[in-house]
Structure formats: C-alpha cells, structure tokens
Amino acid sequence: MAAEQHANVLKFAGAFLQAFTFQSHRRHDPLLPAITTLKMLYAEGRRVLPDRVPVGHLSATERKLILEGAKPDRRLYEIATLAHLRDRLRSADIWVDGSRSFRPIDEHLMPKPAFLTMKEEGKLGLGVQGDGAAWLSEVRQTMDFNLKRLAYRARNAKLDGVRLEAGSLIVTPRASDIPAAADELNDEVSEMYPLIEVPDLLREVHEWTGFADQFTHVRTGDTPQNISAMLAGVLADGTNLGPKRMAGASKGISAHQIGWMRPFHARAVASRHWLPCRSLRSASMPFSGSSRPFVHAFSPRSDRSSRSSWVDRPSMRS
C-alpha cells in the first residue's frame, strides 16, 4: 500500500526535502543521514539507491522488506524514511530551522535567565516550596504520619468497613445506594427504548442537519459522494474499530471505501465545521418516534440483522 503512493510522493518530496533543514536532539541521529541521502538522489536526478544506505532509523521489519532484493528498494526506503520524519516532527524530536510550528522543544520553555529571576523573587507560583529537598522531606513526613495512623486504625477496628484478620486487610463491599425500586424502574424504562442501531441514527441525523456534507474534500472542497462510507468512517473512528472491522460489520461498504474517505474527508479540521451545525439545528430538529435519544446499538434483542446496515434507505422519520 505504501509503495503504491510513491508516485504521489515523487511530486513533492524533492522540493520538500531541499526546502528545509532538519535538526535533531540526538547526537548522530541515523535519520538525518537518510534524509541527506534522499536529498542527494533528488538533486542528482538518480532513481536507484546506492548499494549502501543509512538504515539505522528503520525497524527490523522495514529493513527486511527494503533489502530483500538484490538492491535496496527505493520506493519502500523513501516512504519509510518520510514516515519516520513525519512522526519525529510531530513529537518535536526533530525540528526545522526557521520554523515556527516545528521548533526545538527548548524554545517552547521559559528562557533560563527568566526562570532563575522569577525563582529568586519567588514569583514562580508553583503552589509548593521552591526547595525540592525541603518539599520531599515534608511529603515524607506527611506520608509517614498518614500510614501510621491508617495502620493504628486498622489494628483497632476503627475503619468503617475495613478490618484486619490474620494479617490480611479485608474490605467489606458497600451496599448499593440505589433503591431496588429504582433499579426495577430503570429496567422497565429500558424495555421501552426504541431499538435503533447507531448507523441508522447517524444517517437520520445527517438527513436532518446535513452534517456529513461539512466533511469536504481536502483538495476540491466537494461534499462526500458516498455518505454511507463517510458515516462508517466516523463511526469507525469513534469506536476505534478501524476500516477493516467496520467494513466487516457493515453492508455494502468495503474497507477500501472507508479508508479512502478518511484521509480526504474525515480529517480533524472537518469536525470543527460540523459541530456548529449540530449545535444550531439540534433544538429545531425533534426526534421522531423511532429515534429518541435512547439508543440500543447492535442490541441482541433487536430483530434486525446484527450487521450494520449502511445501504441507502428511506428516513426513519414518519
């Protein structure tokens, strides 16, 4: 899958790598020589990797895949190196010279002279003592006192619901604070809830609010053409199922469709667009009789199929 994206990477990787200078907190970071190697390939217009390339930044599995042929695989090597660069930039382990977004982690901290000045003046506002040794000593004394008091109360049966027997600490389970009648009422009301699956509810909410249309294409700005796959992707992210497991629990939707919708439509910025849409319309869009906000998702009591039905269907509103 990664190698298939190499053609797209070729369009920008050379200019991207040549435009920036990357630095690392680690001495002799193996990723930096790998980036230099890629820069050299693009600068010289070479298509084939040298026989020996830096691989210290790669995992054992990645090395095996890249080096399994007679020569290192250029596509896999470049994709893997750029993926590691992306992750290291996100963690601020690698930074870009002159960048405001990808700066060294030290630049996000208070300058040391300012810290020392505020410390001497007692203006740090930490809520604890400025002397670490004194603070640790105070905490040790407090913990020692509390532990001794707890041991004394346990030995003399002065703890509510806790006792010592034969050197074992026994905690008596507390009775529920909920009256039995309330539990019975809860079960009775639960039986009255409509049995509706989450996919159906999401589809109906979209028909009311059009919130899925806010997940526009990252390049063209178009609304999603496959609403079912769009909603499946949202549900997959919300439940941590992932595309494959979500596709296995859905009808008419493949993992490829869900996986394609996520990078182009279900990006983080899109969710900030549809949240106001939800807030503005929630008051004016009453729930229908079959879709009150009490949802039993994938309920075993439902007479529907256990698989989520993502195929287009009429609205559940009467």
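Here is what the cut-offs are and how they apply
- Residues numbered from 1 in each chain as written.
- Predicted model: local features only at pLDDT ≥ 70, side-chain atom pairs only at ≥ 80, totals over all residues.
- Heavy atoms only, no water.
- Patch = residues over 30% accessible without salt bridge, like charges linked within 9 Å, V, L, I, M, F, W, Y side chains within 5 Å.
- Areas by Shrake-Rupley, 256 points an atom, 1.4 Å probe, with all protein chains shown as cover.
- Salt bridge = Lys/Arg side-chain N within 4 Å of Asp/Glu carboxyl O.
- Helix = DSSP H or I, 4+ residues; strand = E, 2+ residues; numbered from the N terminus.
- Buried < 20%, exposed > 50% of the residue type's maximum accessible area, 1.4 Å probe, protein only.
- Pairing = 2+ DSSP bridges.
- Core = buried A, V, L, I, M, F, W, Y, C linked by side-chain atoms within 4.5 Å.
- Contact = heavy atoms within 4.5 Å.
- pLDDT = per-residue confidence, 0-100.
- Expected span 1.5 Å × (residues − 1).
- Axes fitted to C-alpha atoms, helices over the stretch in contact; angles between N-to-C directions.
- Parallel < 35°, antiparallel > 145°, perpendicular 65-115°, else oblique.
- Left-handed = near helix turned anticlockwise from the far one by under 90°.
- Nonpolar A, V, L, I, M, F, W, Y, C, P; charged D, E, K, R; others polar.
- Phe/Tyr/Trp six-rings, centres within 6.5 Å; stacked < 30°, edge-to-face > 60°.
- Lys NZ or Arg CZ within 6 Å of the ring centre and 35° of its normal.
- Polar contact = N/O pair within 3.5 Å; in protein donor to acceptor, adjacent residues only side chain to side chain.

Engineer: Could you clarify how one ought to interpret a nonpolar patch on the surface in this entry?
Structural biologist: Taken together, the side chains of Leu126, Val128, Trp135 and Leu136 make up a nonpolar region of the molecular surface, amounting to roughly 370 Å² of accessible area. Position of Trp135 relative to the elements: it lies in helix H7 (residues 132–155). Residue classification places Trp135 among the partly exposed positions, given a relative accessible area of 36%.

Engineer: Help me understand the pairing of strand E3 (residues 162–165), please; the structure alone is not making it clear to me.
Structural biologist: The side chains of a regular strand alternate, first on one face of the sheet and then on the other. The pairing of E3 with strand E4 (residues 168–171) spans 4 bridges and is classified as antiparallel. When the sheet's bridge partners are listed, Leu164 is paired in E4 with Leu169. Taking the residues that link successive antiparallel strands as the turn, the E3-E4 hairpin has 2 residues, and the phi of Ala166 there is positive, at about 55°.

Engineer: I would appreciate a short explanation of the nonpolar core in the present structure.
Structural biologist: Note that soluble globular proteins tend to have their nonpolar side chains buried in a common cluster. Counting 21 residues, the largest nonpolar core has Leu17, Phe22, Tyr77 and Leu85 as the members making the most contacts within it. Elements represented by at least two residues in this core include exactly helix H2 (13–19), helix H3 (31–44), helix H5 (74–90) and strand E2 (94–96). If one sorts the elements of this core by residue count, H5 sits on top with 6 residues. Residues contacting Leu85, with those up to four places away along its chain left out, are Phe16, Leu17, Phe22, Leu31, Ile35 and Ile94.

Engineer: Is there a simple way to think about the confidence of the model for the chain in this case?
Structural biologist: Detail in the predicted coordinates should be disregarded across regions flagged by low pLDDT. Per-chain confidence: the chain averages 78 in pLDDT, with 82% of residues scoring 70 or above. Note on residues 274–318: pLDDT under 50 across the span, and 95 contacts to partners over four residues away in sequence or across chains.

Engineer: What am I meant to see in unusual backbone geometry here?
Structural biologist: Excluding glycine, residues mostly carry a negative phi; peptide bonds, for their part, are mostly trans. Although it is not a glycine, His28 adopts a positive phi angle of roughly 55°. With respect to the helices and strands, the residue His28 is situated in the loop between strand E1 (22–24) and H3. Backbone geometry at Ala157 places phi at a positive 55°, although glycine is not the residue there. Relative to the helices and strands, Ala157 resides in the loop between H7 and E3. On the basis of relative accessible area, Ala157 is assigned to the exposed category, the value being 60%.

Engineer: Please explain the pattern of salt bridges as it appears in this structure.
Structural biologist: Two side chains bearing opposite charge may form a pair once their charged atoms approach each other closely. Within this structure, the stated rule accounts for 10 salt bridges. Residues Arg74 and Glu78 are paired through a salt bridge, measuring 2.9 Å at the closest nitrogen-oxygen approach. Of this pair, Arg74 and Glu78 both sit in helix H5, 4 residues apart, which is roughly one turn of that helix. On the basis of relative accessibility, which here comes to 11%, the residue Arg74 falls in the buried class. Residue Glu78 is classed as buried on the basis of its relative accessible area, which comes to 0%. Each of the salt bridges in this network shares a partner with another, and the network as a whole consists of Arg26, Asp29, Arg88 and Asp93.

Engineer: Explain H3 to me, please; I cannot follow it from the model alone.
Structural biologist: Within an α-helix, residues lying three or four positions from one another point in the same direction, as the helix has 3.6 residues per turn. The end-to-end C-alpha distance of H3 is 20 Å, a good match for the 20 Å that 14 residues give at a rise of 1.5 Å each. Listed in full, the buried residues belonging to H3 are Leu31, Ala34, Ile35, Thr37, Leu38, Lys39 and Leu41. The inward-facing, buried residues of H3 abut H2, E1, H5 and E2. Two residues or fewer after H3 comes Gly45, characterised by a positive phi angle close to 70°.

Engineer: I keep staring at the packing of H3 against H5 and nothing clicks. Help me out?
Structural biologist: Any two packed helices are characterised by how steeply their axes cross, that is the angle between the axes, and by the distance between the axes. The interhelical angle for the contact between H3 and H5, taken along N-to-C directions, is 130°, at an axis separation of 10 Å. On the basis of the axis angle, H3 is oblique to H5. Of the two elements, H3 crosses H5, and the hand of that crossing is left-handed. Across the interface between the two elements, Leu31, Ala34, Ile35, Leu38, Leu41 and Tyr42 of H3 pack against Arg74, Tyr77, Glu78, Thr81, His84, Leu85 and Arg88 of H5. When grouped by side-chain class, the residues that make up the contact of H3 with H5 number 8 nonpolar, 2 polar and 3 charged.

Engineer: Please explain the packing of aromatic side chains as it appears in this structure.
Structural biologist: Given two aromatic rings, one states the distance between the centres and the angle between the planes to describe the pair. For the structure shown, the criterion picks out 3 aromatic pairs. Ring geometry for Phe16 and Phe22: centres 5.9 Å apart, planes at 55°, overall tilted. For Phe16, a relative accessible area of 28% translates into the label partly exposed. In this arrangement the basic side chain of Arg74 is found over the ring face of Tyr42, its NZ or CZ atom lying 5.2 Å from the centre.

Engineer: I'm lost on the side chain of Thr209 in this one. Help?
Structural biologist: Here Thr209 lies in helix H9 (residues 198–209). Of the residues examined, Thr209 reaches a relative accessible area of 9% and is grouped as buried. Only 2.8 Å separates the side chain of Thr209 from the backbone oxygen of Val205, close enough to count as a polar contact.

Engineer: What should I look at first to understand the packing of helix H10 (residues 227–239) against helix H12 (residues 255–264) in this one?
Structural biologist: At their nearest, the axes of H10 and H12 sit 8 Å apart, and the two run at 80° to each other. Compared by their axis directions, H10 and H12 come out roughly perpendicular. Here Ala229, Met230, Ala232, Gly233 and Asp237 of H10 come into contact with H12, specifically with Gln257, Ile258, Met261 and Arg262. Residues of the contact of H10 with H12, tallied by class, amount to 5 nonpolar, 2 polar and 2 charged.

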